[in-house]
Amino acid sequence: MLFEIKAEIPAMRANATDELLLEHAMENWSVLEDVIVKRAWLVGICADEHEARAQWSALAPLLAAAGVEPTAPPIERALADADWRDSYKAHFHAWQFGCLHWVPVWEREKFTLPPGDAVLWLDPGLAFGTGNHETTRLCVERLVTLAKQRGTTGRLIDAGCGSGILALSAALLGFGRVVGFDNDPEAIRISEENAALNGLAGRVHFLVADLVTGLANEVGTADVLLANIQADVLMRFAPGLVSAVAPGGTLVLSGILAQENGQVRGGFEALTRGWTIDARIMGEWSDVVLTRPR
């Protein structure tokens, strides 16, 4: 039997909590967000009750120091080994933008796809990359709009692909030359699993790389470059991201807190004189989109 500890946290502190877990390498803990109802939870899956409570005791003061205060005492429960993945189902919802649908795979039997539309099935066990986060939604909405307005010819690159949701969505929309890379080998494994789940194995070239190595051979080649990465990383690697965009191409930046948008926008504007620029805010998050002249 596995053991779960689950505590609701303020939705606006989800990102800070996620960064804390990453900083302390607490891989069996994750943050679940439901942007539809604007709620978030911190969830830990441990081998037994003793380990779970010990980890919570260690984690609680770290949360307090980071300004994260659970809205209620944590809920504890035993989980059968085969059932823990199902605990994520309540937080993932099917959603749609334009002709593309993102649907939990457990709804496959009852879901009816409208004629002419496409669907990306999502694994219910994944704690990220489901589209239930504003940063992902901002990107996929831009992607669907670009495909409708400009077509799907050319090369698309998903920098920091995570679960592969953006790259695979691009393949479903009809982009024929799609590359996705991430510096986490586990992310690439998950991306390839999701490709197989959707009958897209081989349609996207996934590889392990960081922003330096991933873009090293892509100078001037991306007709669409998606980078859903936190703002400080985007700023640090801005020159490489800008240089990878082909003439007439578009750079979509997400993972940017709304209050950071002006700083990110200003930094990229300084490198892209003559490019058109746009930005949107969705909840606590925002994007910046830059298009290079032909």
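Presented here is an overview of the structure given in this document. Remember, it's a predicted structure, so these values are computed and weren't measured experimentally.

Some words on the overall build of the protein chain
Of regular secondary structure, the protein chain possesses 9 helices and 14 strands. In terms of overall size, the protein chain behaves like a compact globule, its C-alpha atoms giving a radius of gyration of 19 Å where 294 residues would be expected to give roughly 19 Å. Viewed in the frame of its principal axes, the protein chain has a C-alpha envelope of about 60 × 45 × 30 Å. Across the 294 residues that make up the protein chain, the buried fraction comes to 49%. Partitioning the contacts of the protein chain with sequence separation of at least 6, the portion at a separation of at least 24 is 68%. With an accessible surface of roughly 13,400 Å², the protein chain has 53% of that area assigned to carbon and sulfur atoms. Of the charged side chains in the protein chain, 24 are positive and 37 negative; the average position of the first set lies 9 Å away from that of the second.

Comments concerning the side chain of Thr250
Of note, Thr250 is situated in strand β12 (residues 245-257). Looking at Thr250, the relative accessible area reads 1%, which means it is buried. At a separation of 2.4 Å, a polar atom in the side chain of Thr250 contacts the side chain of Arg150. For Thr250, the residues in contact, after removing those within four places along its chain, are Leu146, Arg150, Asp223, Val224, Leu225, Val245, Val289, Leu290 and Thr291.

What about the sheet that holds strand β14 (residues 285-291)?
Either a parallel or an antiparallel arrangement is found when strands of a sheet pair, and the pairing is made through backbone hydrogen bonds. With mixed pairing, 7 strands are arranged side by side in an open sheet as β10-β9-β8-β11-β12-β14-β13. The open sheet has two edge strands, β10 (204-208) and β13 (276-282), and neither has a second partner. Ignoring strand direction, the axes of neighbouring strands in this sheet form an average angle of 15°. Looking at chain direction, strand β11 (residues 222-228) and β12 are connected through 6 bridges and run parallel. The residue of β12 that forms the bridge with Ala227 is Leu253. Sitting on the sheet, helix α4 (residues 165-173) is in contact with β8 (155-159), β9 (177-182), β10 and β11, with an inclination near 165° to β10.

A short note on the nonpolar core
Of all hydrophobic cores here, the largest spans 32 residues; its most connected members are Trp102, Leu156, Phe175 and Phe206. Those elements that provide at least two residues to this core are β6 (100-104), β7 (118-122), α3 (134-150), α4, α5 (185-197), β10 and β11. Residue contributions to this core peak at 7 residues, all from α4. Those residues within four positions of Phe206 in sequence are excluded, and the remaining contacts are Cys161, Gly164, Ala167, Leu168, Gly180, Ile188, Ser191, Glu192 and Ala195.

Overview of a negative patch on the surface
A cluster of acidic residues, Asp18, Glu19, Glu23 and Asp232, forms a negative patch at the surface. If one sorts the elements of the negative patch by residue count, helix α1 (residues 14-23) sits on top with 3 residues. Mapped onto the elements, Glu19 comes out in helix α1.

Brief notes about the pattern of salt bridges
Evaluation of the coordinates by the stated rule reveals 12 salt bridges. Among the ionic pairs, Glu4 bridges to Arg77, the shortest N-O distance being 2.8 Å. In this pair, Glu4 sits in strand β1 (residues 2-9) while Arg77 sits in strand β4 (residues 75-79), placing the two residues 73 residues apart along the sequence. The class for Glu4 is buried, based on a relative accessible area of 4%. According to the relative accessible area criterion, Arg77 is partly exposed, its value standing at 38%. Note that Arg53 and Glu76 form a salt bridge whose closest N and O atoms lie 2.6 Å from each other. Taken as a pair, Arg53 in helix α2 (residues 49-65) and Glu76 in strand β4 lie far apart in primary sequence, 23 residues in all. By relative accessible area, which is 39% here, Arg53 ends up partly exposed.

Cut-offs applied
- Residues numbered from 1 in each chain as written.
- Predicted model: local features only at pLDDT ≥ 70, side-chain atom pairs only at ≥ 80, totals over all residues.
- Heavy atoms only, no water.
- Helix = DSSP H or I, 4+ residues; strand = E, 2+ residues; numbered from the N terminus.
- Rg over C-alpha atoms; globule rule 2.2 N^0.38 Å.
- Buried < 20%, exposed > 50% of the residue type's maximum accessible area, 1.4 Å probe, protein only.
- Contact = heavy atoms within 4.5 Å.
- Areas by Shrake-Rupley, 256 points an atom, 1.4 Å probe, with all protein chains shown as cover.
- Lys, Arg positive; Asp, Glu negative; His and termini not counted.
- Charge placed at Lys NZ, Arg CZ, Asp CG, Glu CD.
- Polar contact = N/O pair within 3.5 Å; in protein donor to acceptor, adjacent residues only side chain to side chain.
- Pairing = 2+ DSSP bridges.
- Axes fitted to C-alpha atoms, helices over the stretch in contact; angles between N-to-C directions.
- Core = buried A, V, L, I, M, F, W, Y, C linked by side-chain atoms within 4.5 Å.
- Patch = residues over 30% accessible without salt bridge, like charges linked within 9 Å, V, L, I, M, F, W, Y side chains within 5 Å.
- Salt bridge = Lys/Arg side-chain N within 4 Å of Asp/Glu carboxyl O.

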